[in-house]
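# Overview (structure and organization)
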Amino acid sequence: VATAMSIKNESDNFIICYISNMSPTKGYMDLYEALKSMNVEERKNITLHFVGEWLSNEQLIDFKNLLSQNNLEKHVIIHGKINDRVLLKKFYLQSHVFILPTYFPQEAQPVSIIEALNAGVPVISTKHASIPDLIKEDKNGILVDIQSPNQIKEAILKMKTDKLYWNQLSINARQFFLENFTSEKIRKSLLNLFDKELNRD
């Protein structure tokens, strides 16, 4: 992780990753709108990877048409659904930021966010469901309001332009994972929970 972080720190490219299904309430269009609203200089060197299953081929075609109409094809790469865990890990490790602007009604604690933190990748996500328990503002990521493309844009540009800030978020992301989500930590949490249940009056 440390080597991957140092390589990304020295790169002029800024890689954004979205990994989820391409459902509207997962917020992928808000991310698209954030990119679209950037000017040419702001958008420079940004590549956005969408990894996830589309609800229909028509939806995918419509989205590709939007990219074409707004001259965003060179900034957006569509991968579709990927089940290969090794390949998914590579997406996290190459990314500067993971973005999930979800307002999915049944959202809980997205595994994709935990996986991003494990890879030392700062996260931009929404103040929704249990996500604020995972993402601490200006510590391991940035929280935005739901359906707020402009806030997403500002968060992206803050990380892109301030490498020291991004670097600290990246270090903190990995540290947060180690402190909360390693197998040993989860085992201890479960044992504590069982102890409390067994010792209840």
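The rules behind these values
Numbering of residues starts from 1 in every chain and runs along the sequence as written. Side-chain atom pairs in this predicted model are given and counted only at pLDDT of 80 or more, local residue features only at pLDDT of at least 70, and totals for whole chains, interfaces and linings cover all residues. The basis for every side-chain value is the complete set of heavy atoms in the structure, and neither hydrogens nor water enter the calculation. Salt bridges are defined as contacts in which a side-chain nitrogen from Lys or Arg sits within 4 Å of a carboxyl oxygen from Asp or Glu. Working definition: helices are DSSP H or I runs of at least four residues, strands are E runs of at least two. Numbering for both runs from the N terminus. Three exposure classes are used, based on accessible area relative to the maximum for each residue type with a 1.4 Å probe and protein chains only: buried under 20%, partly exposed in between, and exposed over 50%. Two strands pair under a simple rule: DSSP has to find at least two bridges between them. Axes, fitted as lines to C-alpha atoms, cover a helix only where it is in contact. Angles between the N-to-C directions of the axes lie from 0 to 180 degrees. Note on contacts: a residue pair is in contact if any heavy atoms of the two residues lie within 4.5 Å. Polar contact is defined as a pair of N or O atoms within 3.5 Å, subject to the rule that within protein one atom must be able to donate a hydrogen and the other to accept it, and that residues adjacent in sequence are counted only when both atoms are side-chain atoms. Each nonpolar core is a collection of buried residues, namely Ala, Val, Leu, Ile, Met, Phe, Trp, Tyr and Cys, held together in the definition by side-chain atoms within 4.5 Å. One less than the residue count of a helix, multiplied by 1.5 Å, gives the span that helix is expected to have. When the centres of two rings from Phe, Tyr and Trp lie within 6.5 Å, Trp using its six-membered ring, the rings pair. Their planes under 30 degrees apart give stacked, over 60 give edge-to-face, and anything left gives tilted.

Attention now goes to the pattern of salt bridges. Taken as a whole and assessed by the stated rule, the structure comprises six salt bridges. We note a salt bridge from K153 to E42, for which the minimum N-O separation is 3.7 Å. Taken together, the residues span a long stretch of sequence, with K153 in helix α8 (residues 149-161) and E42 in helix α3 (residues 40-43) at a distance of 111 residues. A relative accessible area of 11% means that K153 is categorised as buried.

Turning our eyes to something else, we now look at the sheet that holds strand β3 (residues 76-80). One key point about sheets: their strands pair by backbone hydrogen bonds, in either a parallel or an antiparallel sense. Here we have six strands laid out as an open sheet, ordered β3-β2-β1-β4-β5-β6, and parallel in their pairing. Both outer strands of the open sheet, β3 and β6 (141-144), are each paired with one neighbouring strand and no more. Neighbouring strand axes in the sheet, compared pairwise and without regard to direction, differ in orientation by 20° on average. When strand β1 (residues 14-19) meets strand β2 (residues 46-51), the two strands line up parallel, connected through six bridges. From the neighbouring strand, I15 faces β2, where its bridge partner is T47. Where helix α2 (residues 28-36) meets the sheet, its contacts fall on β1, β2, β3 and β4 (97-100), and the angle it forms with β2 comes to roughly 165°. The strands touched by α8 within the sheet are β1, β2, β4, β5 (123-126) and β6, with β6 carrying the most contacts at an inclination of about 165°.

Looking at the element boundaries, H49 is found in strand β2. Within the structure, the side chain of H49 is placed 2.7 Å from the side chain of H79, a separation counted as a polar contact.

So, about the nonpolar core. By size, the foremost hydrophobic cluster in this structure holds 56 residues, and its most contacted members are F50, F98, I113, I124, I156 and M159. Excluding residues within four positions of it along the chain, I124 makes contact with V97, F98, I99, L100, I142, V144, A155, I156 and M159.

Another point: the pairing of β4. Residues of β4 alternate between two faces, with V97 and I99 on one and F98 and L100 on the opposite face, all of them buried. In terms of strand pairing, β1 meets β4 through two bridges, oriented parallel. Bridge pairing in β4 places C17 opposite F98. The pairing of β4 with β5 spans three bridges and is classified as parallel.

With respect to the helices and strands, the residue S112 is situated in helix α6 (residues 111-118). With 24 residues separating them along the chain, S112 and L88 place their C-alpha atoms 9.9 Å apart. When residues no more than four places from it in sequence are discounted, the contact partners of S112 are I19, Y92, F98 and L100.

Moving on, we come to helix α9 (residues 163-180). For α9, built from 18 residues, the straight-helix expectation of 26 Å at 1.5 Å per residue is met to within 8% by its first-to-last C-alpha distance of 26 Å. Among the residues making up α9, those that are buried are Y165, W166, N167, L169, S170, A173, F176 and F177. Measuring from the side-chain oxygen of the N-cap residue of α9 to the backbone nitrogen of L164 gives 3.3 Å; that N-cap residue is D162.

As enumerated under the stated definition, the model contains ten aromatic pairs in all. With a centroid separation of 6.3 Å and an interplanar angle of 85°, the aromatic rings of Y28 and F50 are classed as edge-to-face. With a gap of 22 residues between them, Y28 in helix α2 and F50 in strand β2 connect regions that are remote in the sequence. On the basis of relative accessibility, which here comes to 5%, the residue Y28 falls in the buried class. Here the aromatic cluster, defined as three or more aromatic residues joined through ring pairs, consists of Y18, Y28, Y32, F50, W54 and F63.

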